[in-house]
Amino acid sequence: MLIKLLLLDFDGTLADTRRANTLAYIDALAEEGYTLDEETYVRKYFGLRCPEFLRDIGFTDPADIERIRRRKIELYPSHFDTVSLNRPLWEFVCDFRRKGGRAWVVSTGHADNVSNAMRHLGIADGFDGIVTGDMVERSKPAPDCFLRVMEIEGVKPEETLIFEDSATGLEAARRSGAPYIKVTL
């Protein structure tokens, strides 16, 4: 079957944003009096939705979680000097789209974070759409975000190719029924 649709995770797949995300969380949490080191965040929490991550480290008040989430979003662009594009994958996407294929970014990240980073990298207009974790009821590892885009585009799982990096994202890809490729930056 012919592949008609590419679905790409953003953080850790299309772009190396690990350090920028980590530093923004470290800064936001430091303002709250909480100390988090880079290694712990990357090992345990990278790829989780913000509320799940914050609950796991002990924040339970929804107002606190929302305040920290918003502050992280504000601080994130100050670390864009550490963000880099996965250029070979980006070039593949551009070639695929030139040949008539469709491509979407599908991320657990917040829409503002993903959009801001894409603008910074100069790739904001390079996709047919974006679905983020805050746009679906169940985020990865549930396949909802992938299935939603397939439905919007009118394609079957076997006509879709997913690029992912994290165990959570790979599980969502597997559950979607589409073929997928693990990306390691």
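The structure we're discussing is the one just above.
None of the values given here were measured: they were computed from a predicted structure. All residue numbers refer to positions counted from 1 along the written sequence of the respective chain. Reporting in this predicted model follows two pLDDT cut-offs: at least 70 for local features of residues, and 80 or more for side-chain atom pairs to be given and counted; totals over whole chains, interfaces and linings ignore these cut-offs and use all residues. Derived side-chain values reflect all non-hydrogen atoms in the structure, with water molecules and hydrogen atoms excluded from consideration.

Participant: Explain the overall build of the protein chain here, please?
Facilitator: Across its full length, the protein chain carries eight helices and seven strands. Reported as C-alpha extents along the three principal axes, the dimensions of the protein chain are approximately 55 × 30 × 25 Å. Counting only residues that meet the buried cut, the protein chain has 52% of its 185 residues in that class. Contact definition: two residues touch when any of their heavy atoms are within 4.5 Å. Considering only contacts within the protein chain whose residues lie at least 6 apart along the sequence, 71% involve residues at least 24 apart. All accessible areas in this document rest on Shrake-Rupley with a 1.4 Å probe, and a residue is counted as covered only by the protein chains that are shown. For the protein chain, the exposed surface amounts to about 8,900 Å²; the carbon and sulfur share of it is 48%. Here the positive residues are Lys and Arg and the negative ones are Asp and Glu; neither His nor the chain ends is included. Note on charges: their place is set at NZ of Lys, CZ of Arg, CG of Asp or CD of Glu. Charge separation in the protein chain, taken as the distance between the mean sites of 25 positive and 31 negative side-chain charges, equals 3 Å. Labels follow the DSSP assignment, with helices taken as runs of H or I lasting at least four residues and strands as runs of E lasting at least two, numbered in each case from the N terminus. Throughout this description, buried means an accessible area under 20% of the type-specific maximum (1.4 Å probe, protein chains only), exposed means over 50%, and partly exposed covers the range between.

Participant: What exactly am I supposed to notice about the packing of aromatic side chains here?
Facilitator: Each pair of aromatic rings is reported with the distance of its centres and the angle of its planes. Stacked, tilted and edge-to-face are the three classes assigned to paired rings of Phe, Tyr and Trp, where Trp is represented by its six-membered ring and a pair needs centres within 6.5 Å; plane angles under 30 degrees give stacked, over 60 edge-to-face, the rest tilted. Using the criterion set out here, one finds nine aromatic pairs in the structure. With 5.7 Å between their ring centres and 45° between their planes, tryptophan 90 and phenylalanine 127 make a pair best called tilted. Of the two residues, tryptophan 90 is situated in helix H5 (residues 87-98) and phenylalanine 127 in the loop between helix H6 (111-121) and strand S5 (129-132); the sequence distance between them amounts to 37 residues. Using a relative accessible area of 12% as the deciding quantity, one classes tryptophan 90 as buried. Measuring from centroid to centroid gives 6.4 Å for phenylalanine 92 and phenylalanine 96, while their planes differ by 25°, and the two rings are stacked. Of this pair, phenylalanine 92 and phenylalanine 96 are both found in helix H5, four residues apart, which corresponds to roughly one turn of the helix. The class of phenylalanine 92 is partly exposed, set by a relative accessible area of 38%.

Participant: Can you help me understand the packing of helix H1 (residues 18-31) against helix H4 (residues 62-75) in this one?
Facilitator: Packed helix pairs are characterised by how far apart their axes lie and by the angle those axes make with each other. Geometry is summarised by axes, namely lines fitted to C-alpha atoms with helices restricted to the contacting stretch, and by angles between N-to-C directions that run from 0 to 180 degrees. Packing of H1 against H4 leaves a shortest axis separation of 8 Å and a crossing angle of 130°. With respect to each other, H1 and H4 are oriented oblique. When the axes of H1 and H4 are compared, the crossing they make is right-handed. Judged by residue contacts, Asn21, Ala24, Tyr25, Asp27, Ala28, Leu29 and Glu31 of H1 engage Ile68, Arg71, Lys72 and Leu75 from H4. In this classification, Asp, Glu, Lys and Arg are treated as charged, Ala, Val, Leu, Ile, Met, Phe, Trp, Tyr, Cys and Pro as nonpolar, and every other residue, Gly included, as polar. For the contact of H1 with H4, a count of residues per class yields six nonpolar, one polar and four charged. In what follows, roughly perpendicular refers to angles from 65 to 115 degrees, roughly parallel to angles under 35, roughly antiparallel to angles over 145, and oblique to any angle outside these ranges. Should the near helix be turned anticlockwise from the far one by less than a right angle, the crossing is left-handed, and should it be turned clockwise, the crossing is right-handed.

Participant: Just to check I follow, could you spell out the nonpolar core for this structure?
Facilitator: Here is a general trend for soluble globular proteins: nonpolar side chains tend to be buried in one another's company. Side-chain atoms within 4.5 Å link the members of a nonpolar core, which is a set of buried Ala, Val, Leu, Ile, Met, Phe, Trp, Tyr and Cys residues. Core analysis: the biggest nonpolar cluster contains 42 residues, and Leu8, Phe10, Leu14, Phe53, Leu54, Ile123 and Phe127 have the highest contact counts within it. Per-element tally for this core: the top contributor is H1, with six residues. Those residues within four positions of leucine 54 in sequence are excluded, and the remaining contacts are Leu29, Phe59, Ile65, Ile68 and Arg69. Core analysis: the second largest hydrophobic core is formed by 15 residues, Trp104, Val131, Met150 and Ala172 among them.

Participant: Where do I start with helix H8 (residues 167-176) in this structure?
Facilitator: An α-helical turn contains 3.6 residues, so any two residues separated by three or four positions project in the same direction. Among the residues of H8, those classed as buried are Gly169, Leu170, Ala172, Ala173 and Ser176. The buried residues of H8 all sit within an arc of 160° when viewed along its axis, so they share a single face. Where H8 is buried, its residues contact helix H7 (144-153), strand S6 (160-164) and strand S7 (180-182). Throughout, the arc means that of the directions going from the helix axis to the C-beta atoms.

Function-wise, these values are silent; they only describe arrangement.
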